[in-house]
Amino acid sequence: MIVLGVESSCDETGLALYDTQHGLLSHALYSQVAMHEEYGGVVPELASRDHIRRAIPLLTQTLEGAGKSLADIDAIAYTQGPGLAGALLVGSSVACSLGLALDKPVLGVHHLEGHLLSPLLATQPPEFPFIALLVSGGHTQLMRVDGVGQYTLLGETLDDAAGEAFDKSAKLLGLGYPGGPAISRLAEFGDPAAYKLPRPMLHTKDFNFSFSGLKTAVLTVVKNHEQKVVANICEQDKANIARGFIDAIVEVLTAKCVSALKHTGLKRLVIAGGVGANAQLRASLNEAAAKKKFKVFYPELEFCTDNGAMIAFAGAMRLMINPDAAKKDYSFNVRPRWPLDEIKVV
Ligand code: ATP
Ligand code: MG
Ligand code: FE
């Protein structure tokens, strides 16, 4: 069975073809980051309009990449939510119109389920059950995953998401949008002893997080610095602050993962979402894994942030368990807000 995946929840348009026999056949992605950069964040209306421009050329590219034609598609999976309403509507209307035209069934996929299952696209995928740390631009959650559609939330952020903390702190350091990769590169040159920033909720017994205080700590350091030296903050100071920020966030994320593994007795940890691309986080988790004897799995770097492959894959996983999960019902209704625990068990 060949499933076409369509992702358009935020500022990436992604299309992909996943074959349940042969794996991922091809995928194509267009990121709008350059367009949104000058505004310092995603402008929803611009995002929707750009998805419209990109969707069909990316579909052609995906089909060509796989050497397939429209007639080869058996089902279409699209991101139904959560995300920006207008952006979601573009992907869902593309998927449903194609379904109607080709007389093929469609399936709305939860964006976070796509992220969550993306490490299973890797060459050495984890087996169920596992603990998943989902660290994206809009979410930070620790989950127990027992199978496709079987997710138990253990804890989540009470305020900012990890990716949001990266982006906001990077903005305070004048690093542009999205700031995660930039702050990470800068931190490589930072002195770890220069700034010891707070580790919010590090010692609480739950699996929740809080990152807004960390961003405020970065703001305070930047402000104090500016007052003291009057002149602009220099590159080395920025690198030191970046290092202080990353060391704090990475320590909290690592500690909570370790305690979730201990609490559940599981030995497999899966990282998903854009922050999962972070080199410092990966190094810290790998070190903890070696020490505490668990295995850690990551998505391929290109599948950490939004992409169509994870949506095609999540759709295909659901369809393999329940072929009736996709329907010839083309009345698309997107779900901009959609808690993961409300998704249908397969
Ligand atoms: P959600 O999936 O919660 O709706 P999203 O789709 O915007 O949010 P992703 O695409 O998974 O989130 O990830 C984007 C986030 O990942 C951004 O906040 C970005 O700064 C962060 N990010 C990407 N690469 C890195 C990196 N190397 N280090 C740290 N953060 C990173
Ligand atoms: Mg994005
Ligand atoms: Fe995402």
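Look up a bit, the structure's there.
We now turn to the structure provided with this report.

Criteria and cut-off values
Residues numbered from 1 in each chain as written. Chains lettered and ligands numbered in written order. Predicted model: local features only at pLDDT ≥ 70, side-chain atom pairs only at ≥ 80, totals over all residues. Helix = DSSP H or I, 4+ residues; strand = E, 2+ residues; numbered from the N terminus. Buried ≥ 20, exposed ≤ 12 C-beta atoms within 10 Å, placed from the backbone. Contact = placed C-beta atoms within 7 Å. Axes fitted to C-alpha atoms, helices over the stretch in contact; angles between N-to-C directions. Parallel < 35°, antiparallel > 145°, perpendicular 65-115°, else oblique. Left-handed = near helix turned anticlockwise from the far one by under 90°. Nonpolar A, V, L, I, M, F, W, Y, C, P; charged D, E, K, R; others polar. Core = buried A, V, L, I, M, F, W, Y, C linked by C-beta atoms within 7 Å.

Here the focus is the environment of E37. With respect to the helices and strands, E37 occurs in helix α1 (residues 33–37). E37 gets classed as exposed once you count the C-beta atoms within 10 Å, which come to 12. Residues E37 and M1, 36 residues apart in the sequence, show an inter-C-alpha distance of 39 Å. Not counting residues within four places of it along the chain, the set of residues in contact with E37 comprises G176 and Y177.

Where helix α5 (residues 162–172) meets helix α6 (residues 180–187), the axes come as close as 8 Å, and the angle between the chain directions of the two elements is 70 degrees. With respect to α6, the axis of α5 lies roughly perpendicular. For the element pair α5 and α6, the recorded crossing hand is left-handed. The residues of α6 that touch α5, namely those facing G163, F166, D167, S169 and A170, are G180, A182 and I183. Taken together, the residues of the contact of α5 with α6 sort by class into 4 nonpolar, 3 polar and 1 charged.

Further remarks concern the nonpolar core. Counting residues in each nonpolar core, the largest one holds 109 residues, and the members touching the most others are I249 and A312. Sorting elements by how many residues they give to this core places helix α8 (residues 235–264) first, with 13 residues. Apart from the residues within four sequence positions on either side, I249 is in contact with A162, A165, F211 and L214.

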